[in-house]
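One-letter residues, chain by chain:
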Amino acid sequence: LRLAGLEIVKGQGTATGSAWLSWADKSYAFNLRSPGLQIEDLALLKFDPPFSGRLQLTATGAGSFDSAEWTIEGSVPDLYVGDEGIGVAVFKLSLAKNVLTIEKLTANSSTEGRFRADCTGTVATTGLLQATLHCGLTQTSIDPYLKFFMRDMPLTRGIVTGTASLLGPLKDRSQLNATLNLT
């Protein structure tokens, strides 16, 4: 099966690409490119509080049905969580040999001291979902985002720098090791 000139429309956004599937060989190949999809229109990215912004992405993949391989690169030039602006988000994710790799996940506000995060890591896509995730925050203002997690605000301004790590099986919280170091 070959799909050439594929166009997907979701809300106000579009994505174009092509795909090839072979049931005989149990293999596939695809590419997809979008100049902009609204995050709030994508069911896969529903959170509370909601994220919003215009997602630009390129996705490619090829492999067998038994061992999927793909890469997605993209950005959101105007990422928001709820009514709070985060800024520009950039990412590169890949899947190979049943491991999702977060090669790059960054978010950066153009305003000094507003938001800067850099994350990397891996998550196994089989078994207990073994994860190794690391994030760094640099001069990030946390007070605008605390309202999403706390009713009473303990502070009026909080700027942090530090790291957060999550290690272990995501399906077994008793074995997860989380580390948070903030200054």
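Predicted model only: the values in this text are computed from it and were never measured.

Participant: Can you explain the overall build of the chain? Please cite residues and give values.
Facilitator: Counting secondary structure elements, the chain contains one helix and 12 strands. Along the chain, helices (α) and strands (β) appear in the sequence β-β-β-β-β-β-β-β-β-β-α-β-β when read from the amino end. In terms of its C-alpha atoms, the chain occupies a principal-axis envelope of roughly 60 × 40 × 25 Å. For the chain, the residues scored as buried account for 31% of the 183 residues in total. Here the analysis covers contacts within the chain between residues at least 6 apart in sequence; of these, 36% occur between residues at least 24 apart. On the chain, roughly 11,300 Å² of surface is accessible, and the fraction owed to carbon and sulfur atoms is 57%.

Participant: Please give an account of the pattern of salt bridges that cites residues and values.
Facilitator: Applying the stated criterion across every chain yields a total of three salt bridges. When the shortest N-O distance is used, the salt bridge between Glu-84 and Arg-114 registers 2.9 Å. Residue Glu-84 is located in strand S7 (residues 84-96), and its partner Arg-114 is located in the loop between strand S8 (99-108) and strand S9 (116-124); the two are separated by 30 residues in the primary sequence. We classify Glu-84 as buried; its relative accessible area is 15%. A salt bridge links Asp-118 to Arg-116, with the nearest nitrogen and oxygen atoms 3.6 Å apart.

Participant: Provide a residue-level description of the side chain of Thr-140, including the pertinent values.
Facilitator: On the secondary structure map, Thr-140 appears in strand S10 (residues 130-141). On the basis of relative accessibility, which here comes to 2%, the residue Thr-140 falls in the buried class. If sequence neighbours within four positions are ignored, Thr-140 has contacts with Gly-113, Arg-114, Phe-115, Arg-116, Gly-158, Ile-159 and Val-160.

Participant: Kindly report on the environment of Gly-162, identifying the contributing residues and their values.
Facilitator: Inspection of the secondary structure puts Gly-162 in strand S11 (residues 159-169). For Gly-162, the contacting residues outside a window of four places in its chain are Cys-135, Gly-136, Leu-137, Asn-181 and Leu-182.

Participant: Before we move on, can you summarise a nonpolar patch on the surface with the specific residues and values?
Facilitator: A cluster of nonpolar side chains, Leu-1, Leu-3, Trp-23 and Phe-65, forms an exposed patch at the surface whose accessible area comes to about 430 Å². Here Leu-1 lies in the segment before strand S1 (2-10).

Participant: Go over the nonpolar core with me, naming the residues and quoting the values.
Facilitator: Residues Ile-39, Leu-55, Val-76, Leu-79, Ile-86, Phe-115 and Tyr-145 are the most contacted members of the largest nonpolar core, which totals 16 residues. Among the secondary structure elements, those contributing two or more residues to this core are strand S5 (54-64), strand S6 (70-81) and S7. In contact with Leu-79, not counting residues within four places along its chain, are Ile-39, Phe-51, Ser-52, Gly-85, Ile-86, Gly-87 and Ala-89.

About the cut-offs
- Residues numbered from 1 in each chain as written.
- Predicted model: local features only at pLDDT ≥ 70, side-chain atom pairs only at ≥ 80, totals over all residues.
- Heavy atoms only, no water.
- Helix = DSSP H or I, 4+ residues; strand = E, 2+ residues; numbered from the N terminus.
- Buried < 20%, exposed > 50% of the residue type's maximum accessible area, 1.4 Å probe, protein only.
- Contact = heavy atoms within 4.5 Å.
- Areas by Shrake-Rupley, 256 points an atom, 1.4 Å probe, with all protein chains shown as cover.
- Salt bridge = Lys/Arg side-chain N within 4 Å of Asp/Glu carboxyl O.
- Patch = residues over 30% accessible without salt bridge, like charges linked within 9 Å, V, L, I, M, F, W, Y side chains within 5 Å.
- Core = buried A, V, L, I, M, F, W, Y, C linked by side-chain atoms within 4.5 Å.

Remember, this is a structural readout, not a statement about activity or role.
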